[in-house]
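Coordinates in review
Single-letter residue listing:
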Amino acid sequence: MSLDNKEVSQIAYLSRLQVEESSLESITADLNNILNLVEQLSELDTDSVEPMAHPIKMTQRLREDVVTETDQSESFQSIAPKTGKFHYLVPTVIE
Amino acid sequence: MEFHELTLKELQKGLSNKEFSSVELTSHFIKRVQNSELNAFITITDDLALVQAKKADSIIASGKMNDLTGIPYAHKDIFCTLGVKTSAGSKILDPFISPYDATVSEKLNDSNAVMLGKANMDELAMGSGNENSFYGPVKNPWNISKVPGGSSGGSAAAVAAKLTPFSTGTDTGGSIRQPASLCGITGLKPTYGRVSRYGMIAYASSLDQAGPMTQTAEDAAIVLKTIAGFDERDSTSADKTVPDYEKSLNNSLEGLKIGIPKEYFSEGLDDGVKQKILDAIKEFESLGATVKEVSLPHAKFAIPAYYIIAPCECSSNLSRLDGVRYGYRCESPKDLSDLYIRSRSEGFGDEVKRRIMIGSFALSAGYYDAYYLKALKSRRLISNDFQEVFKEVDVIMGPVSPTIAWDIGSKKDPVSNYLSDIYTLSVNLAGLPAMSIPAGISDNMPVGLHIIGNYWTEERLLNIAHQFQIQTDWHKKSPKGID
C-alpha cells in the first residue's frame with residue numbers, strides 16, 4: 001500500500017487538518033514509511049484470532065440512572081474561546 | 001545532608017519527626033526548580049506550592065499526616081489540575097486552564113502532597129525523546145545535549161536532577177519506563193485499570209496508564225498506594241483492593257523464576273546496554289532467583305500493531321480538540337470548517353498530525369479490516385505470548401530501551417523513533433504492569449532494567465526492585481554536578 005499526494009490531501013481533510021502544498025511531498029513520504037513499517041503484520045496468519053480491543057476482561061458496569069453531575073456551565077464556558085449565554089459561538093453555519 | 005539528597009521515604013520520616021517543615025522542604029525544591037536549565041517544567045506553581053506546604057504543616061502538627069503529606073512533586077502536564085494550565089505539551093491546549101481535577105490530582109491533593117509545577121512532555125504524550133513538546137525539548141541531566149526520553153521526559157529529568165522527590169508519569173507505549181531508563185530513575189507502569197484515567201488527557205485509551213517516577217522502588221510503592229484504586233468516573237478502572245505495597249518490599253526472592261526472552265537480546269540491542277542488563281540479571285541469581293530463556297515469538301510485531309492501534313485511538317480521541325469549547329482557536333475563521341481546520345493545523349505539531357492521519361486512514365472504509373482489525377488480532381497474539389511465558393516464570397526481564405539516550409535532534413524521521421520503543425510497546429498492548437530500574441552506566445549514561453509481571457503483580461515487582469536496590473547502588477548514582 002502506498003499513498004499518493006492526492007490521497008494524503010484527502011486523508012488530511014477527513015482529519016480536519018490542512019497540509020501546505022510545500023510540505024505535501026515530505027508528509028506523503030513519512031506516511032508511506034509508517035505504512036511500510038506496519039505492513040509487517042501481513043506476515044501473520046490471524047484468520048482464526050479473536051480481535052483484542054481492550055487489555056482487561058471486564059464488562060461495563062451499570063449504575064442507577066440518576067443525575068450525578070452538578071451544573072458547571074459557567075466554569076466550563078469561562079475557558080471557551082467565544083461564548084454567548086449558554087452556548088458556544090462559532091461562525092454562522094446557515095445564512 | 002540537603003533535602004534533595006534524601007529519598008521520599010526519608011523526607012516522610014523527617015516531616016513526621018518534625019526535623020523540618022514542609023515549607024522549608026518546598027522552598028528548597030522551588031529554588032532548585034527555578035534555577036534549573038533543563039526545561040523540565042511547563043508551569044511552575046511556586047505560590048500554590050507554598051500555600052499547600054503551609055496547609056500540610058498544620059496537618060502534620062495536628063498529627064493527621066498520611067503518606068505524602070507535605071512532600072513536593074512534579075505533576076506531568078497531562079493530568080488536569082483545577083485552576084492551573086494543563087497543556088499536555090501542546091499549543092492547542094496552551095490556553096487551557098482546567099476547570100476540574102483529574103482523579104490522580106484529587107488523590108494527591110487529598111493526601112496533601114505539594115505540587116511544584118507541571119512537568120514538560122512530548123505533545124499529547126506522543127514521542128520517545130521529549131522533542132515533540134510545544135515548549136521545547138527537555139534536556140537529560142546526565143548530559144544536556146541528550147534527550148531525557150519521552151513522553152514523560154520532564155518528569156524523569158526532574159527526579160534525576162533532584163528537582164523533586166517524585167513525579168507522576170503516564171505510559172501508553174513506554175512513556176514512564178523509557179525516560180526512567182534514560183535518566184537513571186525508577187518508574188512503574190501499573191496494570192491497565194489500576195490507576196484511574198479520569199482527567200488524564202487521553203492519547204490511546206486502551207493503552208494509557210498512569211504511574212509513579214521516583215528515586216527508589218520503596219518510594220514508588222508509597223506513591224502508587226496513594227494514586228491507585230477504583231474510580232467510578234473511569235469505566236475501565238478496576239474494582240480491586242489496593243494492597244499496601246510497602247508491606248511486601250522485604251520479602252525474599254528465593255525461588256523467584258525469571259524469564260529472559262531471547263527476542264529481547266537480538267539485533268538492534270546496543271552491546272553496552274546488553275552487558276549491563278545481563279550483569280543485573282546475574283545479581284538476581286545471587287539473591288536466590290533462577291533464570292531461564294523464554295520466547296515471545298510475536299515480539300517484533302508489537303511495533304506495527306501499536307503504530308496502528310494507538311494512532312486509530314488518538315485520531316478519534318483528538319477530534320474533540322476543535323477550537324470550539326476550550327483550547328486554541330485560529331484568528332478570524334471564515335466559516336465552521338475553516339475554524340476546525342485552521343485551529344487544529346495551527347494547534348497540533350507534526351508528530352501529532354502524522355498519527356491522526358495514519359489513524360484516520362486505517363479506520364476509513366475499505367482499510368479498516370486490513371489495518372485496524374488486523375492490528376487488534378495481532379495484539380491478541382502478542383498478549384497470548386506473555387500468558388504462555390507466565391506459565392513457566394514469575395517475571396520477565398530485559399532491556400527497556402535498545403540504546404542509551406541519544407543526541408537531541410539526531411533522529412529526524414518518525415520511523416527511527418518508533419523503533420526505539422521495541423521492548424516497551426508489547427506491555428501496553430497486553431495491559432501488563434512493568435518497571436524500569438537503574439541497572440548500570442554505559443558510556444556515562446544510565447541503563448534501565450525492564451521487569452515485566454503478570455496482571456496485578458505490582459506488589460511483587462516492587463518487592464523485586466527493592467531487593468535489587470538493597471543489593472546494588474545504581475539507583476543512588478546521580479548525574480555530575482547534581483549532588
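Presented here is a report on the structure given in the accompanying data block.

1. A word on the overall build of chain B
A tally of regular secondary structure across chain B gives 15 helices and 11 strands. For 483 residues, the compact-globule formula gives about 23 Å, and the C-alpha radius of gyration of chain B, at 21 Å, lands near that figure. Taking all 483 residues of chain B together, 63% fall into the buried category. Long-range pairs, those at least 24 residues apart, make up 75% of the contacts in chain B with a sequence separation of at least 6.

2. What to know about helix α5 (residues 153-160) of chain B
Because the α-helix completes a turn every 3.6 residues, residues three or four places apart line up on one side. All names here are of chain B. Burial within α5 is extensive, with 8 of its 8 residues counted as buried. Within α5, the full set of buried residues consists of G153, G154, S155, A156, A157, A158, V159 and A160. Turning to α5, the residues buried within the fold contact β1 (41-44), β2 (72-76), β3 (114-119), β4 (166-170), α6 (177-183) and β6 (210-214).

3. Here we look at the sheet that holds β4(B)
Residues and elements named next belong to chain B. The strand order β1-β3-β2-β4-β6-β5-β10-β11-β9-β7-β8 describes an open sheet built from 11 strands, whose pairing is mixed. Where the open sheet ends on each side, the last strands, each with one partner, are β1 and β8 (290-294). Mean inter-strand twist for the sheet, computed between neighbouring axes without regard to direction, equals 30°. Where strand β7 (residues 257-261) meets β8, 5 bridges bridge the pair, whose relative direction is parallel.

4. Observations concerning the packing of helix α1 (residues 5-14) of chain A against helix α11 (residues 350-362) of chain B
Interhelical geometry of α1(A) versus α11(B) gives an angle of 95° and a closest axis separation of 9 Å. One finds that α1(A) runs roughly perpendicular with respect to α11(B). Across the interface between the two elements, A:I11, A:A12 and A:L14 from α1(A) touch B:M357, B:S360 and B:F361 from α11(B). Residue classes in the contact of α1(A) with α11(B) are distributed as 5 nonpolar, 1 polar and no charged.

5. A few points about the environment of B:P190
Residue and element names in this part refer to chain B. In this structure, P190 sits in the loop between β5 (186-189) and β6. Since 27 C-beta atoms lie within 10 Å of it, P190 is described here as buried. Put simply, P190 and L461 are 271 residues apart on the chain and 9.8 Å apart in space, counted from C-alpha to C-alpha. With sequence-adjacent residues up to four places away left out, P190 is seen in contact with V195, Q209, G211, L224, A228, P433 and E458.

6. Looking at the pairing of strand β9 (residues 395-399) of chain B
Residue and element names in this part refer to chain B. For β9, the tally of buried residues reaches 5 of 5 residues, placing the bulk of the element in the interior. When β7 meets β9, the two strands line up parallel, connected through 2 bridges. Within β9, the position partnered with I258 by the bridge is V395.

Calculation notes
Residues numbered from 1 in each chain as written. Chains lettered and ligands numbered in written order. Predicted model: local features only at pLDDT ≥ 70, side-chain atom pairs only at ≥ 80, totals over all residues. Helix = DSSP H or I, 4+ residues; strand = E, 2+ residues; numbered from the N terminus. Rg over C-alpha atoms; globule rule 2.2 N^0.38 Å. Buried ≥ 20, exposed ≤ 12 C-beta atoms within 10 Å, placed from the backbone. Contact = placed C-beta atoms within 7 Å. Pairing = 2+ DSSP bridges. Axes fitted to C-alpha atoms, helices over the stretch in contact; angles between N-to-C directions. Parallel < 35°, antiparallel > 145°, perpendicular 65-115°, else oblique. Nonpolar A, V, L, I, M, F, W, Y, C, P; charged D, E, K, R; others polar.

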